[in-house]
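Given next are the chains, with one letter for each unit.
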Amino acid sequence: MLKGKGWLEFISAQLFFLPPPSVSPAAERLRYILGDDDEPPNPTLFTEMDTLQHDGEEMEWKESARWIKFEEKVEEGGERWSKPHVSTLSLHSLFELRTCLQTGTVLLDLDGYSLPQIIDDVIEKQIEDGLLKPELREKISYVLLRKHRHQTKKPIHRSLADIGKSVSSNTSECSSLGEADLGRQRSKNTNHLGHKTSGVFPAAIKFCHPLTALKNKFIKKIPKDAEASNVLVGEVEFLEKPFVAFVRLLQATMLGGVTEVPVPTRFLFILLGPAGKAKSYNEIGRAIATLMVDDLFSDVAYKARDREDLIAGIDEFLDEVIVLPPGEWDPNIRIEPPKKVPSAEKRKSVFSLNEVGQMNGTAGGAGAGSGGGGSDDGEMPEVHEIGEELAWTGRFCGGLYLDIKRKLPWFPSDFYEGFHIQSISAILFIYLGCITNAITFGGLLGDATDNYQGVMESFLGTAMAGSMFCLFAGQPLIILSSTGPILIFEKLLFDFSKGNGIDYMEFRLWIGLHSALQCLILVATDASFIIKYITRFTEEGFSTLISFIFIYDAIKKMIGAFKYYPINSDFKPDYVTMYKCECIAPDPANMTLFDASVPVAPNTTNASLYNAINLTALDWTQLSKKECLKYGGSLVGKSCKFVPDLALMSFILFFGTYSMTLTLKKFKFSRYFPTKVRAFIADFSNVFSILLFCGVDACFGLDTPKLHIPSIIKPTRVDRGWFVFPFGKNPWWVYLASALPALLVTILIFMDQQITAVIVNRKEHKLRKAAGYHLDLFWVGILMAVCSFMGLPWYVAATVISIAHIDSLKMETETSAPGEQPQFLGVREQRVTGIIVFVLTGISVFLAPILKYIPMPVLYGVFLYMGVASLNGIQFWDRCKLFLMPAKHQPDYVFLRHVPLRRIHLFTLVQIVCLAVLWILKSTVAAIIFPVMILALILVRRLLDFVFSQHDLAWIDNIIPEKEKKKEDDKKKKKKGNKGDSSSDEEVCS
């Protein structure tokens, strides 16, 4: 950012600001400096600016500002560092800096080993070039070697004169360069440039870092391989013209207490000038410091061959700056660091030797244009790329072979990279989600199939299929689970079998075998390549549907609690004395001996209930409600229908778990506590929320619904075993006819599995290890055959839980510059978390005594959080919210800059209609065609090519692969148009 002042200097001093050619000299020079992309990246630069402080004859250098990414100033009044903020510079200071580098001393790759030697070489060079009078050598050297005082030290409530007097004294924290050492330095007659050294040194100069610097916590914010650039500015009485020097050392060198933290110095900028212009010198110092932390200019500084390369770097920086009018903003306001900044690679790519057609001043990319009045409407976003994993090989099992070849080198790291504290949080979170899912779908399957498949089968199948998949599949971050569409199919299949006299388990086995075979055929023929036709339209429609199912099921379960435990709205506190309930004995004429052959609940107060009981001898007033009704008694009283307000307690647990998990997850970005504490709380947010509300439930001691897990490993239905025999119960034609319903199952599994895989393997997740679409489908097919033989549910990728797994394993930079948001590094790709989750699911049968204390409303809250969290980052959901926002309050989404709002609303309405149709289908008897309708989303998307332009679709969706050629043609037409308009981009004045 630039303050809009200094226009006279801007106009009069710079002749280079003439109409640029197609490529400016500065851009051409930088292209050859930065064109080599194969070199390793340069170290991060920490820049510190020290200003010269005077008190009579005594002087010292005092730290006034520092930069890693953003500027921090020393606030003298508060004796602290300011908040990091974006540096705002004046044009005048930048042009004066340019002049300083043109006229001052520039030493590149100076072989310096100490500050006195470096300063001596700089002074010698100035004298040699006629820029400094020889008689000023000792004075300049004396000033530049004064002690440096940093803000990390405690305030010294003494005069500067006292501080100056203590320069020559040693401290217990740091050793000094003594007289003997100085003598040895003076004895060196020449330096490496061949010039005689000045021999002027202060009595004692500190070269090591004091303990306070070594203990400085700020060092944690600086990357380990960082280097320093020191900026020294000040005014002195004895100079008539500025003393300017820019030095780049051959090797980064520790210069002792010059730098606040123990970081080796690579660059040194010195500006000493005549008295009276301290503010101007300070602004020039801020300008060079800001340039040194700029990604582009720092590369230029490292690779510059001469003075002109540095000037070219400043010229290119000036081409990218944006001027703020002085009357429309307050220069005293500090601009907060942005949450996201343009990548350095994008800016540098302009100067690649391959980008010969780029104009000077375009390094800012779209960012510069959009920061003003919007960018070129013809600009297109990045191409939708899924990866080489979906390329069609044309060979038998070619894709499967390449998947195995890509994944094998990563197999060992998939295990040792999983041993991290973050994995513990992910395991607990996903484990609770999996067992809740297993219990929910197991119970629903039991109801739908007359207990041929129940909770036990669900637990065993989840453990077996999930652990095998995570161990051998191509993408172990995917979590397998029973899904809603499969549950619908199972119910329809059971009803069909029962109505037509077909054995359900045997029929289901053959459908599973046919479907498994069809999956393997799809793998062998590389059929997964059609996934590249699935664009954002289909991905987001499907993932939103699954997210809504999670949200709907969680809320539906919670509402069910209010029906099962109705609120006592008829309770009147004033009539509490009238509320009672008594057990009245039945009519004596009907009283007989009670037959104890029917077991009742044991009661410690009357152990004889298990024998024949003479009902006339019972004390009916001492019986419980269940016993009273069991023995034929009747309940009389106003409180007999009382039900505790468990629904309200359940809602508190449900919503409390959800809201606290959401709050703690965002705690990472709060202002409280150190970074590591915030990160720890955010990573374990779900665990803390579950433990807290389990404790709340235990404190109140109410009989809220709890997690019930089978404690014995046996089939839910007693008349079935763990193996389904394939022959004998159905006619022979059923074995062949089952291929038709199997085709529907295959379509469902293929679409569900591969869409989830595409979502997990999205480019924005920054996965390092290759995907394995064919290998994933191969193992889903194998596991489907195994589950069919064992009579277990079928399993496929669970979209919501897989996204939750990804989110719980996201990695960010541990060290970031002050004011800089932690950078997303990627996901912790490994197999350990998934395997442990499913192993724990399998042994949950033995953990039943512990897990029974977890309230079900808490797990419903986890379900709700998973559903809501999976909606984050879905563009469709963001576009839906735009319907309720006035234009002036709409977020600055990038697609809003390029596509008219009415077109965005039309596209969103099409998606909403498709989503509504899918929801209706899954909820009715027509659910049998649900898999085909998911496939139909691809056809709907292709039809949208006739309604929307490719430009609009590129921003709000993705371009289908066949349309890439059309996109390239559009680019060519635009380039031709630009050639005709190029004259309008040139400067008018000459």
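Criteria and thresholds
- Residues numbered from 1 in each chain as written.
- Predicted model: local features only at pLDDT ≥ 70, side-chain atom pairs only at ≥ 80, totals over all residues.
- Heavy atoms only, no water.
- UniProt positions renumbered as here; feature names shortened; annotations may be inferred.
- Helix = DSSP H or I, 4+ residues; strand = E, 2+ residues; numbered from the N terminus.
- Buried < 20%, exposed > 50% of the residue type's maximum accessible area, 1.4 Å probe, protein only.
- Contact = heavy atoms within 4.5 Å.
- Areas by Shrake-Rupley, 256 points an atom, 1.4 Å probe, with all protein chains shown as cover.
- Phe/Tyr/Trp six-rings, centres within 6.5 Å; stacked < 30°, edge-to-face > 60°.
- Lys NZ or Arg CZ within 6 Å of the ring centre and 35° of its normal.
- Axes fitted to C-alpha atoms, helices over the stretch in contact; angles between N-to-C directions.
- Parallel < 35°, antiparallel > 145°, perpendicular 65-115°, else oblique.
- Left-handed = near helix turned anticlockwise from the far one by under 90°.
- Nonpolar A, V, L, I, M, F, W, Y, C, P; charged D, E, K, R; others polar.
- pLDDT = per-residue confidence, 0-100.
- Patch = residues over 30% accessible without salt bridge, like charges linked within 9 Å, V, L, I, M, F, W, Y side chains within 5 Å.
- Salt bridge = Lys/Arg side-chain N within 4 Å of Asp/Glu carboxyl O.

Under an unreviewed UniProt entry, the protein chain has the name Anion exchange protein and belongs to Phasianus colchicus. UniProt's Sequence similarities (unreviewed entry) comment on the protein chain is quoted here verbatim: "Belongs to the anion exchanger (TC 2.A.31) family."

Caption draft 1: Expanded view of the overall build of the protein chain. For the protein chain, the count of helices and strands is 37 helices and 20 strands. Sorting the 990 residues of the protein chain into buried and exposed places 50% on the buried side. Considering only residue pairs separated by 6 or more positions, the protein chain has 79% of its internal contacts joining residues 24 or more positions apart. A total of about 47300 Å² of accessible surface is found on the protein chain, and carbon and sulfur atoms cover 61% of it.

Caption draft 2: Molecular detail of the packing of aromatic side chains. Applying the stated criterion across every chain yields a total of 14 aromatic pairs. With centroids separated by 5.7 Å and ring planes inclined at 80°, the aromatic side chains of Phe 778 and Trp 779 adopt a geometry described as edge-to-face. Through pairs of rings, three or more aromatic residues link up here, namely Phe 651, Phe 654, Phe 655 and Tyr 658. For Arg 66, the ring lying beneath its charged end belongs to Trp 81, and the centroid distance is 3.9 Å. It is Arg 146 that lies over the ring of Tyr 142; its NZ or CZ is 3.9 Å from the centre.

Caption draft 3: Seen up close, unusual backbone geometry. The backbone phi angle of Asp 109 is positive, close to 60°, even though this residue is not glycine. Along the chain, Asp 109 falls in strand β7 (residues 105–110). Note on Asp 109: relative accessible area 38%, which makes it partly exposed.

Caption draft 4: Up close: the packing of helix α26 (residues 739–760) against helix α27 (residues 773–790). At a minimum axis separation of 11 Å, α26 and α27 run at an interaxial angle of 140°. Judged by the angle between their axes, α26 and α27 are oblique. By crossing handedness, the relation of α26 to α27 is classed as right-handed. Only Tyr 773, Asp 776, Leu 777, Val 780 and Met 784 of α27 make contact with α26, whose side of the interface consists of Val 745, Ile 749, Phe 750, Gln 753, Gln 754, Ala 757 and Val 758. The class makeup of the residues in the contact of α26 with α27 is 9 nonpolar, 2 polar and 1 charged.

Caption draft 5: Examining the side chain of Glu 540 more closely. As for its placement among the helices and strands, Glu 540 is situated in helix α20 (residues 536–564). Not counting residues within four places of it along the chain, the set of residues in contact with Glu 540 comprises Arg 762, Ile 874, Gln 875, Phe 876, Arg 879 and Gln 911.

Caption draft 6: Up close: the confidence of the model for the protein chain. Summarising the model, the protein chain shows a mean pLDDT of 74, and 75% of its residues fall at 70 or more. Below pLDDT 50 for its whole length, residues 353–377 participates in 42 contacts with residues either more than four positions away or in separate chains. For residues 976–990, every residue scores under 50 in pLDDT, and the model assigns this stretch 3 contacts once sequence neighbours within four places are set aside.

Caption draft 7: Examining a nonpolar patch on the surface more closely. Among the surface-exposed residues, Ile 421, Ile 424, Leu 428, Phe 680 and Phe 688 lie close enough to one another that they form a single nonpolar patch of about 410 Å² accessible area. Among the elements that make up the nonpolar patch, the one with the highest residue count is helix α16 (residues 421–448) (3 residues). For Ile 424, the location among the structural elements is in helix α16.

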